[in-house]
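Chain residues, written in single-letter form:
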Amino acid sequence: MHRVFPWLGRAFKRMQDDEYRIPIQTASAVLLAYMAASLVVPEEASWSVFSALFVVQASLGGTIEAVLGRIAGAVVGAAMAVALTLTLGQLSGGTVFALLVGVVLMSFLTARWPILAYGLVTVSFITVAPDFYVAEGAFMKVLAIAVGSLSGLSAAFAVLPVLARRTEQEHLAMALRSCGKLIVDCTACLVGDKSDKDKDVHRTIARSLERARVLEREARIEEKTPAMGFRPFSESLLPEVERFEYTLAVVDRFSDKPMSEELCAQHKAALLGLAETVDANLAKIADAIDAGTYCEPVKDAWDCYESFAGQVDDAMEDQLLSRQDRQRLVVLKGAYGSVMANLSGLAQEVQARLTHGRKATSAA
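Our subject in this report is the structure included herewith. Computed from a predicted structure; not experimentally measured. (Residues numbered from 1 in each chain as written. Predicted model: local features only at pLDDT ≥ 70, side-chain atom pairs only at ≥ 80, totals over all residues. Heavy atoms only, no water.)

## Overview of the packing of helix H4 (residues 60-88) against helix H7 (residues 134-158)
- Interhelical geometry of H4 versus H7 gives an angle of 175 degrees and a closest axis separation of 10 Å. As judged from the angle between their axes, H4 and H7 are roughly antiparallel. Contacts between H4 and H7 involve Leu60, Thr63, Ile64, Val67, Arg70, Ile71, Ala74, Val75, Ala78, Val82, Thr85 and Leu86 from the first element and Val134, Ala135, Ala138, Val142, Ile145, Ala146, Ser149, Leu150, Gly152, Leu153, Ala156 and Phe157 from the second.
- The residue inventory of the contact of H4 with H7, partitioned by class, reads 19 nonpolar, four polar and one charged. (Axes fitted to C-alpha atoms, helices over the stretch in contact; angles between N-to-C directions. Helix = DSSP H or I, 4+ residues; strand = E, 2+ residues; numbered from the N terminus. Parallel < 35°, antiparallel > 145°, perpendicular 65-115°, else oblique. Contact = heavy atoms within 4.5 Å. Nonpolar A, V, L, I, M, F, W, Y, C, P; charged D, E, K, R; others polar.)

Right, dumping it as structure tokens:
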């Protein structure tokens, strides 16, 4: 048995990945939608199944948003289709005119409120192929869509549920680990150890932060549904991570051109040591965000920075140092100092948010 349970744990963790979880949730949603529609609206079961196919998202917050949008869009589109069919449908060419007006009006609404996009489906379908009893038929379709959407929501809750805030933190942790690689990469270019920077690191950071922004919005939706038992794991760390990433842009920019040979000989070891220590501390902060555990202070990184800053101050006393090298050292000292200030602030914010999250959970 001691061999079975670890295997089950690994399998369950593996199924939490989007590539496995979303297909499982979607299949469950479709099955539940078909069974529910067969009891409630058997003649419109296909609408329920079709609706359930596309509401399951990467988090519960995203699924809630998709369900609300689908139902709201269906209601608005169906109401518009009924009104247009009853007023224009009897005219010569009325179906074409009603379809054109309905699609145009619904497109304007969708441009203003994208969440209503599904209304384009209902307004088009009902206008082109209305039932004999237009209003009753439209109502049954909306009911079927609601059944399918709520089936998708039920599946997202019941089968491998994932909170947006938790997934957001995973993406933020990934961004921070990539930021650590970036500062090491930039410093290596600065001291002449590398000629080209790794562009994949920038892309990874951008993708992680972009995904975190989407999940942050979905997390706010989850936190507005206390009746469903949600409590925030912690407040979003997205602003702090973005601020740190902006700071690295300064180091990135000034590392486009390597330092002079004289500066490299004097400061290469200190800069590489500082970059590696910052990288290690970012990895610790990312681990703390991932696990929701204590985040250690960044004292060792400050020690490395102060050692480098001391070398810079001593170098300023050298009368033989060129003006260009003096300016370069002052700029680098300020840039890495900003990185350190933001690193300390990030570590403190992580600790504060995790502590706040635990207090909120305890109070609940």
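That shown, we press on.
## Details of the side chain of Ser236
- Structurally, Ser236 is set in the loop between helix H9 (199-223) and helix H10 (238-254).
- With relative accessibility at 11%, the residue Ser236 sits in the buried group.
- In this structure the side chain of Ser236 is engaged in a polar contact, spanning 2.6 Å, whose partner is the side chain of Glu168.
- A distance of 3.1 Å separates a polar atom in the side chain of Ser236 from the backbone nitrogen of Leu238.
- The contacts of Ser236, once residues within four sequence positions are left out, are Arg165, Glu168, Glu216 and Arg353. (Buried < 20%, exposed > 50% of the residue type's maximum accessible area, 1.4 Å probe, protein only. Polar contact = N/O pair within 3.5 Å; in protein donor to acceptor, adjacent residues only side chain to side chain.)

## Looking at unusual backbone geometry
- The residue Leu160 is not glycine, and still its phi comes out positive at about 50 degrees.
- Secondary-structure assignment places Leu160 in the loop between H7 and helix H8 (164-190).
- A relative accessible area of 10% places Leu160 in the buried class.

Worth remembering: the numbers are spatial, not functional.
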